[in-house]
Amino acid sequence: MYKKYKPYPLVHLTHRKWPSNIITKAPVWASTDLRDGNQALVEPMDAAQKLVYFQILVSLGFKEIEIAYPSASQTDFDFCRKLITEGHIPDDVRISVLTPAIERHIRRSFEALKGAQNIIMHLYNPTADNQRQIVFKKSKKEIIALALEGTRIIKEEAAHFVGEVMFEYSPESFSQTELAFARDVVNGVISQWNPSEETPMVINLPNTLEACTPNIYADRIEWMSAQMVMRDRVILSVHPHNDRGTAVASAEMALLAGAQRVEGTLLGNGERAGNADLVTLAFNLYSQGIDPMLDVRAIDTALETITQLTRLPIPKRHPYVGEKIYTAYSGTHQDAIKKGLEYQEVALDGYWHVPYLAIDPRDIGRDYHDVVRINSQSGKGGVAYVLKRYYAIDIPKAMQAKVAARVQRLSEAKGGEIAPEEVFEAFKQVCLA
Ligand code: KIV
Ligand code: ZN
């Protein structure tokens with residue numbers, strides 16, 4: 001059965017540069033939660049829910065937010081009107097809408113955005129071989145003509161739009177498009193739009209169906225970046241999907257390869273296996289000492305509302321924000337965390353030193369209580385930690401093993417977690433009896 005699938009083609013780069021690069025700053029973040037994310041929900045959000053979501057995105061610091069696909073849905077159209085007419089868009093936030101390269105859709109999309117100060121008109125058309133031949137039955141020439149005609153109409157509309165218009169073009173299904181053809185379409189569109197230095201355009205290269213390892217996506221981005229015309233007037237954007245479970249890695253490697261902007265969603269919601277998870281990406285930067293340019297301090301509160309709106313719960317072990325992500329059960333980890341936190345109190349160098357904790361849980365408003373929880377795999381370090389943190393008891397070393405042994409027997413008999421009060425009981429029985 002597996003033989004019906006073809007291996008992904010390699011990019012023949014002889015002097016690829018991206019493996020030696022490092023990420024030193026946050027990319028431009030572009031949220032697609034309210035379009036790509038919303039269209040994948042079992043129950044799409046209504047206008048009121050989308051507004052709450054939009055306001056959370058703004059509070060987190062997103063400056064580019066794709067709010068809708070207004071020409072395809074009246075609800076989306078109405079949502080655009082609501083945001084604009086009720087004045088919900090801060091001056092420094094650009095709203096974006098997606099449109100196919102079809103005249104009536106483009107004109108309707110501009111209608112939806114009338115009155116907005118700053119917009120991104122995001123044009124897409126599929127370019128992959130299977131889309132061209134099977135879905136659209138169009139030649140390469142016809143696909144290019146479609147993209148150019150879409151660009152021309154947008155240019156015409158933009159000329160009398162009252163707000164500032166930024167243009168974004170996506171060769172949709174770039175991931176399955178022959179690179180040389182993707183280059184030809186993209187360069188045709190750039191030349192037609194003719195961006196300036198003051199108002200660059202966005203070229204977004206989506207990993208629409210993630211089918212390659214992140215290093216190959218990076219190769220494709222590096223290749224495209226080198227082949228693009230007017231490169232200094234183009235913001236190179238990526239839009240990784242997560243079909244292989246590696247969207248975050250693809251985004252990061254793409255940044256190494258020259259991408260300047262990343263599209264994705266909070267927690268990676270989106271079609272199939274989702275979009276790139278911008279929360280994880282932001283914390284990956286944060287934990288390297290890089291300002292993520294998103295305000296992550298109250299992320300738990302923000303995500304509590306987000307999960308109610310999407311009805312998609314956060315897995316307990318989701319990177320950085322899962323409920324259990326700063327909790328250790330195993331004895332060796334607990335011992336190291338306990339020692340690390342003690343060291344942290346006296347280390348005055350300003351750096352984070354605690355083993356097994358990628359970031360300080362306090363940075364996102366959590367405390368240290370839960371970093372150690374007790375079950376049958378826990379050891380004396382963990383038990384000593386709980387007694388100290390919950391009861392301010394510094395248990396002597398000699399007693400630690402005895403109390404831990406009792407706690408372990410209790411946990412084995414009970415078959416689960418042992419609460420701090422039960423640890424305290426065991427301590428009393430062993431040490432005070
Ligand atoms: O995944 C995709 O290719 C898209 C495009 C419309 C950017 O969502
Ligand atoms: Zn997408």
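Nothing here was measured: the structure is a model prediction, and the numbers come from that model. (Residues numbered from 1 in each chain as written. Chains lettered and ligands numbered in written order. Predicted model: local features only at pLDDT ≥ 70, side-chain atom pairs only at ≥ 80, totals over all residues. Heavy atoms only, no water.)

Q: Honestly, the side chain of Asn375 in this entry has me stumped. Any pointers?
A: Position of Asn375 among the secondary structure elements: in the loop between helix H12 (331-346) and helix H13 (380-391). There is a polar contact of 2.8 Å between the side chain of Asn375 and the backbone nitrogen of Gln377. Asn375 has contacts with Tyr329, Ser411, Gly416 and Glu417, leaving out every residue within four places of it along the chain. (Helix = DSSP H or I, 4+ residues; strand = E, 2+ residues; numbered from the N terminus. Polar contact = N/O pair within 3.5 Å; in protein donor to acceptor, adjacent residues only side chain to side chain. Contact = heavy atoms within 4.5 Å.)

Q: Which parts of the structure should I look at to understand the pairing of strand E2 (residues 64-68)?
A: For a regular strand, side chains alternate in direction, first toward one face of the sheet and then toward the other. Counting buried positions over the 5 residues of E2 gives 5, a clear majority of the element. With 4 bridges connecting them, E2 and strand E3 (residues 94-100) associate as parallel partners. Bridging across to E3, Ile65 finds its partner in Ile95. For the handedness criterion, the β-α-β arrangement of E2, helix H3 (residues 74-85) and E3 is classed as right-handed. (Buried < 20%, exposed > 50% of the residue type's maximum accessible area, 1.4 Å probe, protein only. Pairing = 2+ DSSP bridges. Right-handed = clockwise from strand over helix to strand, strands pointing away.)

Q: I would appreciate a short explanation of the packing of helix H8 (residues 214-227) against helix H9 (residues 247-256) in the present structure.
A: Helices that pack against each other are described as a pair by the angle of their axes relative to one another and the distance between those axes. For the pair H8 and H9, the least separation of the axes is 8 Å and the interaxial angle reads 35°. Considering only the axes of H8 and H9, their crossing is right-handed. In this structure, H8 uses Pro214, Asn215, Tyr217, Ala218 and Ile221 to contact H9, whose residues at the interface are Ala249, Ser250, Met253 and Ala254. By residue class, the composition of the contact of H8 with H9 is 7 nonpolar, 2 polar and no charged. (Axes fitted to C-alpha atoms, helices over the stretch in contact; angles between N-to-C directions. Left-handed = near helix turned anticlockwise from the far one by under 90°. Nonpolar A, V, L, I, M, F, W, Y, C, P; charged D, E, K, R; others polar.)

Q: So what exactly am I meant to see when it comes to the coordination of the zinc ion (ligand 2) here?
A: Around a metal, the perfect tetrahedron of four donors has angles of 109.5 degrees, and the perfect octahedron of six donors has angles of 90 or 180 degrees. The protein atoms donating to the zinc ion (ligand 2) are Asp36 (OD), His239 (NE2) and His241 (NE2), with metal-donor distances spanning 2.0 to 2.1 Å. Along the chain, the residues that donate to the zinc ion (ligand 2) are spaced as D-x202-H-x1-H. With Asp36 in helix H1 (residues 33-37) and His239 in strand E7 (residues 234-240), the pair connects residues that are 203 residues apart, well separated along the chain. The pair formed by Asp36 and His239 is uniform in burial state, with each residue classed as buried. (Donors = N, O, S within 2.8 Å, 3.2 Å for Na, K, Ca; no water.)

Q: Would you mind going over the pairing of strand E6 (residues 201-207) with me for this structure?
A: Most of E6 is tucked away: 7 of the 7 residues are buried. Of the two faces of E6, the one lined by Met201, Ile203, Leu205 and Asn207 and the one lined by Val202, Asn204 and Pro206 are each fully buried. With helix H7 (residues 179-193) bridging strand E5 (residues 164-172) and the parallel E6, this β-α-β connection has right-handed handedness. Here E6 runs beside E7; their pairing, made up of 7 bridges, is parallel. Opposite Asn204, over in E7, you have Ser237 as the bridge partner. Read from E6 through H8 to E7, the crossover connection turns out right-handed.

Q: Got a minute to help me understand helix H10 (residues 278-286) in this structure?
A: Since the α-helix packs 3.6 residues into each turn, any two residues three or four apart lie on the same face. With respect to burial, H10 is a largely interior element, 8 of its 9 residues being buried. Looking at H10, one finds that the buried residues are Leu278, Val279, Thr280, Leu281, Ala282, Phe283, Asn284 and Leu285. In this structure Asp277 caps H10, since a side-chain oxygen of it lies 2.9 Å from the backbone nitrogen of Val279.

Q: Got a minute to help me understand the pattern of salt bridges in this structure?
A: Opposite charge on two side chains permits pairing when their charged atoms draw close. The final tally for this structure, using the stated rule, is 33 salt bridges. The salt bridge partner of Arg132 is Asp129, with a shortest N-O separation of 3.5 Å. Residue Arg132 and its partner Asp129 are located together in helix H5 (residues 129-136), separated by 3 residues, close to a single helical turn. The class of Asp129 is partly exposed, set by a relative accessible area of 33%. Residues Arg152 and Glu149 are paired through a salt bridge, measuring 2.9 Å at the closest nitrogen-oxygen approach. Placement of both Arg152 and Glu149 in helix H6 (residues 140-159) is noted, with a separation of 3 residues, approximately one turn of the helix. Judged by relative accessible area, Glu149 falls into the partly exposed class, the value being 35%. In the salt-bridge network here, residues are joined through shared partners; they are Glu64, Arg94, Glu164, Glu168, Arg261 and Glu263. (Salt bridge = Lys/Arg side-chain N within 4 Å of Asp/Glu carboxyl O.)

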